[in-house]
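Architecture and fold: a report
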Amino acid sequence: MQFTPAQQHALAWTGLAGVTALVLWLLGPVLMPFVVAAVLAYVLSPMVRSLQRVFGGRLPRLVAVVLVEVVFLLLLVALFTLLIPILANELPRMRDQVPVLVERLQTDIAPWLQAKGIPVVLDSASIKAFVLQNFSTSFDDGFRQALTSLRIGGSVALAVVGNLILIPVVLFYLLIDWQRFVRHVEALVPLPARSAYDSFVNECDEVLGQYLRGQLSVMALLAVYYSVALWAFGLELAFPIGVFTGLAVFVPYVGFGVGLVLAILAGVLQFAPSEALLMVAVVYGMGQLIESFVLTPRLVGERIGLHPLHVIFALMAFGQLFGFVGVLVALPASAVLLVAIRRLRAQYQASALYRGV
């Protein structure tokens, strides 16, 4: 059976994609730190170039890479340093107020539901006993138990610590030689396909780069907004819930929904139900309007084409197929597939089959 040159090219690229997917699936745990570092390098590399341009090209790339990576790592450490003490102090308080919430539901909500013909009976004593039995461990004790579990599972602990050390090292070398790695990949492209490859990669870079960098800006601004807005209403857990909601919008709708539920629970534990619902309605309603009509159109752009449903499906599908590594490559892969589908659709609409010639 003879294949045309176009069919041979299609088969070759399909085989290459299949081999790549198989390698990712087989070497997922080993590739994890390298994939994480590659994604971070893709995001941080423009910052290194911008820093060098600010100094008129006189700043060595080594110094620029060190500055960018150190600032990035300090931001991560600062985030965890701020969140952990707050969680350590507030989680026990939430645990202690769960029985109070149960009693409030028993006295306020249950009669209203029964009046509507819905029989509801809450055994407050059993719920209190369950909470005290299963959530009596303090944050410090839980942290010590987690460390003990890591010591027992030595291989798991070694893998976690090894990845935490390896990712910054790999990120450093990728940022130093990012352009060289890109040129090595381009050198493997056949010369007749170089023009099409350059056009395809540039379009992918535009779609993915604008989405990732814009989405990071949206996440940071929303984290600040939700934290300040919830704090203005007097919510004690305003900072951790606000930061979580802002960062979780990376997964459209799902992250917002989880943050909304957390804010409702924290508000009901601290305020009256009507006050808690008013706070959540105002803060999260305004947040959704700001995100949808101001931040996302200006910072991300509506012309990218990555619909929220595409993002959710890509994250779930690649996570199911390749685990955590799949989640990391979901957005890059979906951006590449999006560009490829656009081009295939354009070729199909220009074909004789579509035009009926």
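What comes next concerns the included structure. Remember, it's a predicted structure, so these values are computed and weren't measured experimentally.

Regarding its fold elements, the chain presents 13 helices and zero strands. Counting across all 357 residues of the chain, residues that qualify as buried make up 30%. Sequence separation of at least 24 residues holds for 71% of the intrachain contacts in the chain that already meet a minimum separation of 6. Counting only carbon and sulfur atoms, one obtains 73% of the accessible surface of the chain, whose full area is about 22,100 Å².

Quick look at the packing of helix α9 (residues 238-248) against helix α10 (residues 254-270) now. Packing of α9 against α10 brings their axes to within 8 Å, and their N-to-C directions diverge by 165°. On the basis of the axis angle, α9 is roughly antiparallel to α10. The two elements α9 and α10 meet at a crossing, and its hand is left-handed. Taking contact as the criterion, the partners of I241, F244, T245 and A248 in α9 are, on α10, G255, V258, G259, L262, A263 and A266. Looking at the contact of α9 with α10 residue by residue, the classes come out as seven nonpolar, three polar and no charged.

One pass over the full model with this rule turns up three salt bridges. For R342, the salt bridge goes to E203, with nearest N and O atoms at 3.8 Å. With R342 in helix α12 (residues 308-349) and E203 in helix α8 (residues 194-232), this pair connects stretches of sequence that are 139 residues apart. With a relative accessible area of 25%, R342 lands in the partly exposed category. Its relative accessible area of 22% is what places E203 among the partly exposed residues. Here R343 makes a salt bridge to E203, at a shortest N to O gap of 3.1 Å. Of the two residues, R343 is situated in helix α12 and E203 in helix α8; the sequence distance between them amounts to 140 residues. We classify R343 as partly exposed; its relative accessible area is 25%.

This brings us to the nonpolar core. Of all hydrophobic cores here, the largest spans 32 residues; its most connected members are L175 and L212. Here this core gets 10 residues from one element, more than from any other, and that element is α12. Residues contacting L175, with those up to four places away along its chain left out, are A41, L44, S45, V48, R61 and V65.

So, on to a nonpolar patch on the surface. On the surface, V19, L22, V23, W25, L26, L27 and V30 cluster together into a nonpolar patch covering about 670 Å² of accessible area. Of the residues forming the nonpolar patch, the biggest block, five residues, is contributed by helix α1 (residues 5-26).

This part is about the packing of aromatic side chains. If you walk through the whole model with that rule in mind, you get four aromatic pairs. Centre to centre, the rings of F172 and Y173 are 5.4 Å apart; their planes meet at 75°, and the pair counts as edge-to-face. According to the relative accessible area criterion, F172 is partly exposed, its value standing at 24%. Ring centres of Y225 and Y226 lie 5.0 Å apart, and the angle between their planes is 65°; this geometry places the pair in the edge-to-face category. Given a relative accessible area of 0%, Y226 falls into the buried group. One aromatic cluster is present, formed by Y225, Y226, F256 and Y284 through successive ring pairs. Over the aromatic face of F181 sits the side chain of R180, whose NZ or CZ is 5.6 Å from the ring centroid.

This paragraph deals with the environment of M32. As for its placement among the helices and strands, M32 is situated in helix α2 (residues 28-54). Residues M32 and I167, 135 residues apart in the sequence, show an inter-C-alpha distance of 9.0 Å.

All right, on to α8 then. The terminal C-alpha atoms of α8 lie 56 Å apart, and with 39 residues this matches the ideal 57 Å at 1.5 Å per residue to within 8%. Count one or two residues on from α8 and you reach G234, which has phi positive near 90°.

Here S45 lies in helix α2. Look at S45 and you get buried, because its relative accessible area is 1%. Setting aside residues no more than four positions away along its own chain, S45 makes contact with R61, L175 and W178.

Definitions and cut-offs
- Here the residue index of a chain counts from 1 through its sequence in written order.
- Owing to the predicted nature of the model, reporting of local features is limited to residues with pLDDT of at least 70; listing and counting of side-chain atom pairs is limited to 80 or more, with chain, interface and lining totals taken over all residues.
- Computation of side-chain values covers all heavy atoms of the structure but excludes hydrogens and water.
- By definition, any uninterrupted DSSP run of H or I lasting at least four residues is a helix, any uninterrupted run of E lasting at least two residues is a strand, and each is numbered from the N terminus.
- Burial here depends on accessible area, computed with a 1.4 Å probe over protein chains only, as a share of the maximum for the residue type. Under 20% is buried, over 50% is exposed, and the range in between is partly exposed.
- Note on contacts: a residue pair is in contact if any heavy atoms of the two residues lie within 4.5 Å.
- The accessible surface values rely on the Shrake-Rupley method and a 1.4 Å probe; as for residues, cover is taken only from the protein chains in view.
- Think of each axis as a best-fit line through the C-alpha atoms, taken over the contacting stretch in the case of a helix, with angles from 0 to 180 degrees between the N-to-C directions.
- Relative orientations are named as follows: roughly parallel for angles under 35 degrees, roughly antiparallel for angles over 145 degrees, roughly perpendicular for angles from 65 to 115 degrees, and oblique for any other angle.
- Should the near helix be turned anticlockwise from the far one by less than a right angle, the crossing is left-handed, and should it be turned clockwise, the crossing is right-handed.
- Three classes are used, and their members are as follows: Ala, Val, Leu, Ile, Met, Phe, Trp, Tyr, Cys and Pro are nonpolar, Asp, Glu, Lys and Arg are charged, and the others, Gly among them, are polar.
- In the sections that follow, a salt bridge refers to a side-chain nitrogen of Lys or Arg positioned within 4 Å of a carboxyl oxygen of Asp or Glu.
- By convention a nonpolar core is built from buried Ala, Val, Leu, Ile, Met, Phe, Trp, Tyr and Cys residues, the set being connected through side-chain atoms within 4.5 Å.
- For patch building, the residue pool is restricted to those with more than 30% relative accessible area and no salt bridge; the joining distance is 9 Å between like charges and 5 Å between nonpolar side chains (Val, Leu, Ile, Met, Phe, Trp, Tyr).
- Working definition: a ring pair exists when centres of Phe, Tyr or Trp rings (six-membered ring for Trp) sit within 6.5 Å. Plane angles under 30 degrees give stacked, over 60 give edge-to-face, the rest tilted.
- Only when the NZ atom of a Lys or the CZ atom of an Arg is both within 6 Å of the ring centre and within 35 degrees of the ring normal do we say a charge sits over the ring.
- Here a helix's expected span is defined as the number of its residues, less one, multiplied by 1.5 Å.

The analysis is restricted to geometry; functional conclusions fall outside its scope.
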